[in-house]
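Take a look at the letters that make up each chain.
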Amino acid sequence: MINSAPPRRRPRTLFDKIWQRHVVSDFGDGLCLLYIDRILLHERGGGMALAALSRAGRRVRRPETVFATFDHVLDTRPGRTGAALASGGAEFIDALRRGSAFHGVELFDIADERQGIVHVISPEQAIVLPGTTVVCNDSHTCTLGGVSTLGLGIGTSDIEHVLATQTLVTHRPKTMRLRLEGRLPASLTAKDLVLHVIGTIGAAGANGYAVEMAGAIVRDMTVEERLTVCNMAVEFAARSAVISPDEKTFRYLAGGTFAPKRALWERAVAAWRELASDADAVFDAETVVDCGDLEPQVTWGTSPEHTLPIGGAVPRPEECRDPARARRSLEYMELTPGMPIAGLPVDGAFIGSCTNGRLSDLRTAAEILKDRRVAPTVRALCVPGSTRVKRMAEAEGLDRIFVNAGFEWRESGCSLCFSGGENFEPGRRVITTTNRNFENRQGRFVRSHLASPKTVAASAIAGHIVGADMLGNRAR
């Protein structure tokens, strides 16, 4: 008797489903030619890639799939005129303008209401969608996994290749399921969660892997919280990160400027509902992190893995994964083992970036700042992640809360996330919602402590590192 039943399909992970759908050619040994649905550009390299394409006599293959914005070197001070603060920044801006115009690329210019940080505007305008592949000349493209996009950060030469061919030559990463289990206390944020994850598995904990974020905590998260968690996947060395879409994802993207419309939207959602790992799918690695009973998290050193609870003490180098780096971090940060992190004086506070510059982040900080004042020794800034976020925050009156508290209220952009022409003064100690606390990241010899918007707001008020629940009665 001949068995005519079709062969059973091999169980697939969410990553497998997206990857396999986009493989144009498999060269063997994991090297593939991958089709890319969307190409995102910013001025730090985007204009260079477009110019190189022109010099080679080539055109952008599908201009309608390419979106460019200004964010990295842009002046964010109120009333900006379009100037760049970084040395050479004007040339970056001019190059992206010229290249976008020549190749017919959609550019969100400085005065455009759609302008903002590339990883903020692409989900908010539904440029990126579940199941799509996206590249950008930026390492934090993994952010977009929060809306179930396979986002890959690549270099300028690779961007040029993708612009010309709509494909990327790349190795297939291994797969890891990172399950975040437990019940996150209501007072904690996604930033606290991801700092705890990095501190637990280390800065190289997912090296060589595409990570699927899963578990009860991930299911309970808002989309903007998922974007925050995926944003920092590169800080534990993940090649990319992705979360299965659900009804929250669909509601977040619905009505976005570039989302499918009417019948196409219904068809798209039906397809997106299939984007989940099969129940019996096998990953190359499985990691579980217990995230229950957490305190607010803050970094002490010069790596995001140098994280501890706000009630904790600075560790001894020999207690760390890399004692030599820990010793250098202690020297740079001017800290000694055993000293408590809470109570450490700060000179600056920054709220913004592609990690925590969304409307929900600003709302969270504003709740802490309302009817309070920043300590007189602290310079505090809030830089919305996009012009749309800024306008929505102003419509809610959040800008007045920040300004009345003593914060500078800025135009959208990356700003002091990476010392793009504007810095904190040398030697200052700052608490920041950004994603990297490397040496000199926010200015020469500036010592940066990563934390959530709530902790940054509370610390700005107190003048030292403190959790929001540790603040006294409101100042009236």
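Worth saying up front: this structure is predicted, and the values here are computed from it rather than measured.

**A few points about the overall build of the chain**
- For the chain, the count of helices and strands is 16 helices and 19 strands.
- Projected onto the principal axes, the alpha-carbon positions of the chain cover approximately 80 × 55 × 45 Å.
- In the chain, buried positions account for 59% of the 476 residues.
- Taking all contacts inside the chain whose residues are at least 6 apart in sequence as the whole, residues at least 24 apart take part in 75%.
- By element, 50% of the accessible surface of the chain is carried by carbon and sulfur atoms, the whole surface being about 19,100 Å².
- When the 58 basic and 55 acidic side-chain charges of the chain are each reduced to a single mean position, those positions are 2 Å apart.

**Remarks on the pairing of strand β1 (residues 23-28)**
- In terms of strand pairing, β1 meets strand β2 (residues 31-35) through four bridges, oriented antiparallel. Within the sheet, the bridge partner assigned to Ser25 lies in β2 and is Leu33.
- Turn length for the β1-β2 hairpin, with the two strands adjacent in sequence and antiparallel, is two residues, and the turn residue Asp29 shows positive phi of about 55 degrees.

**So, the sheet that holds β1**
- With antiparallel pairing, three strands are arranged side by side in an open sheet as β1-β2-β8. Here the strands that pair on one side only, and so sit at the sheet edges, are β1 and β8 (167-171). Taking each pair of neighbouring strands and ignoring which way they run, the sheet shows an average axis angle of 20 degrees.
- Across five bridges, β2 lies against β8 in antiparallel orientation. Its bridge partner lying in β8, Cys32 is registered against Thr170.

**Some details on the packing of aromatic side chains**
- All chains considered together, the criterion is met by eight aromatic pairs.
- Judged by centre distance (5.4 Å) and plane angle (80 degrees), the ring pair of Phe402 and Phe407 falls under edge-to-face. This pair shows no difference in class: Phe402 is buried, exactly as Phe407 is.
- Ring pairing ties together the aromatic residues Phe67, Phe108 and Phe258, which thus form one cluster.
- A cation over an aromatic ring shows up here: Arg59 above the ring of Phe102, its NZ or CZ 4.4 Å from the ring centre.

**Points about the domain arrangement of the chain**
- One can read the domain layout of the chain as domain 1 (14-285) and domain 2 (298-470).
- Computed over C-alpha atoms, the centres of domain 1 and domain 2 are 24 Å apart.
- Facing 43 residues of domain 1, the contacting portion of domain 2 comprises 41 residues.
- Interface of domain 1 and domain 2: buried area, both sides summed, is about 3,300 Å²; carbon and sulfur atoms make up 52% of it.
- Between the two partners, domain 1 and domain 2, sit two salt bridges.

**A look at the pattern of salt bridges**
- Evaluated as defined, the whole model comprises 28 salt bridges.
- Residue Arg379 is joined to Glu408 by a salt bridge in which the shortest nitrogen-to-oxygen separation is 3.0 Å. Here Arg379 is found in strand β16 (residues 379-383), whereas its partner Glu408 is found in strand β17 (residues 407-409), with 29 residues between them in sequence.
- Under the relative-accessibility criterion, Arg379 is labelled partly exposed at 30%.

**Some points on the sheet that holds strand β12 (residues 285-290)**
- In spatial order, the strands read β11-β10-β9-β12; together these four strands make up an open sheet with parallel pairing. With one partner strand each, in any of the chains shown, β11 (240-242) and β12 form the two edges of the open sheet. Taking each pair of neighbouring strands and ignoring which way they run, the sheet shows an average axis angle of 25 degrees.
- In this sheet, β11 lies alongside strand β10 (residues 209-214) in parallel orientation, the contact comprising three bridges. Residue Glu212 lies in a different strand from β11, and its bridge partner there is Val242.

**Re helix α16 (residues 453-462)**
- Judged by how many residues are buried, α16 sits mostly within the fold: nine of 10 residues are covered.
- Along α16, the residues that are buried comprise Pro453, Lys454, Thr455, Val456, Ala457, Ala458, Ser459, Ala460 and Ile461.
- Trailing α16 by a residue or two, Gly463 shows a phi angle of about 85 degrees, which is positive.

**A closer look at helix α3 (residues 89-103)**
- Its 15 residues give α3 an end-to-end C-alpha distance of 21 Å, which sits within 8% of 21 Å, the value for a rise of 1.5 Å per residue.
- Among the residues making up α3, those that are buried are Gly89, Ile93, Ala95, Leu96, Gly99, Ser100 and His103. Each buried residue of α3 lies within a common arc of 165 degrees when the element is viewed along its axis, so the set occupies one face. Residues Glu91, Arg98 and Ala101 are exposed on α3 and point more than 90 degrees away from its buried face.
- Where α3 is buried, its residues meet β3 (38-42), α2 (46-55), β4 (66-69) and β5 (106-108).

**Examining the pairing of β10**
- Most of β10 is tucked away: six of the six residues are buried.
- Because side chains alternate across β10, one face comprises the buried residues Tyr209, Val211 and Met213, and the other comprises Ala210, Glu212 and Ala214, equally buried.
- In the sheet, strand β9 (residues 174-181) pairs with β10 via six bridges, with the strands oriented parallel. In the sheet register, Arg177 faces β10, and the bridge partner there is Glu212.
- The parallel pair β9 and β10 is bridged by helix α6 (residues 190-201), and the resulting crossover is right-handed.

About the thresholds
Residues numbered from 1 in each chain as written. Predicted model: local features only at pLDDT ≥ 70, side-chain atom pairs only at ≥ 80, totals over all residues. Heavy atoms only, no water. Helix = DSSP H or I, 4+ residues; strand = E, 2+ residues; numbered from the N terminus. Buried < 20%, exposed > 50% of the residue type's maximum accessible area, 1.4 Å probe, protein only. Contact = heavy atoms within 4.5 Å. Areas by Shrake-Rupley, 256 points an atom, 1.4 Å probe, with all protein chains shown as cover. Lys, Arg positive; Asp, Glu negative; His and termini not counted. Charge placed at Lys NZ, Arg CZ, Asp CG, Glu CD. Pairing = 2+ DSSP bridges. Axes fitted to C-alpha atoms, helices over the stretch in contact; angles between N-to-C directions. Phe/Tyr/Trp six-rings, centres within 6.5 Å; stacked < 30°, edge-to-face > 60°. Lys NZ or Arg CZ within 6 Å of the ring centre and 35° of its normal. Domains from an automatic or database assignment. Buried area = accessible area lost by both parts, 1.4 Å probe. Salt bridge = Lys/Arg side-chain N within 4 Å of Asp/Glu carboxyl O. Expected span 1.5 Å × (residues − 1). Arc of directions from axis to C-beta. Right-handed = clockwise from strand over helix to strand, strands pointing away.

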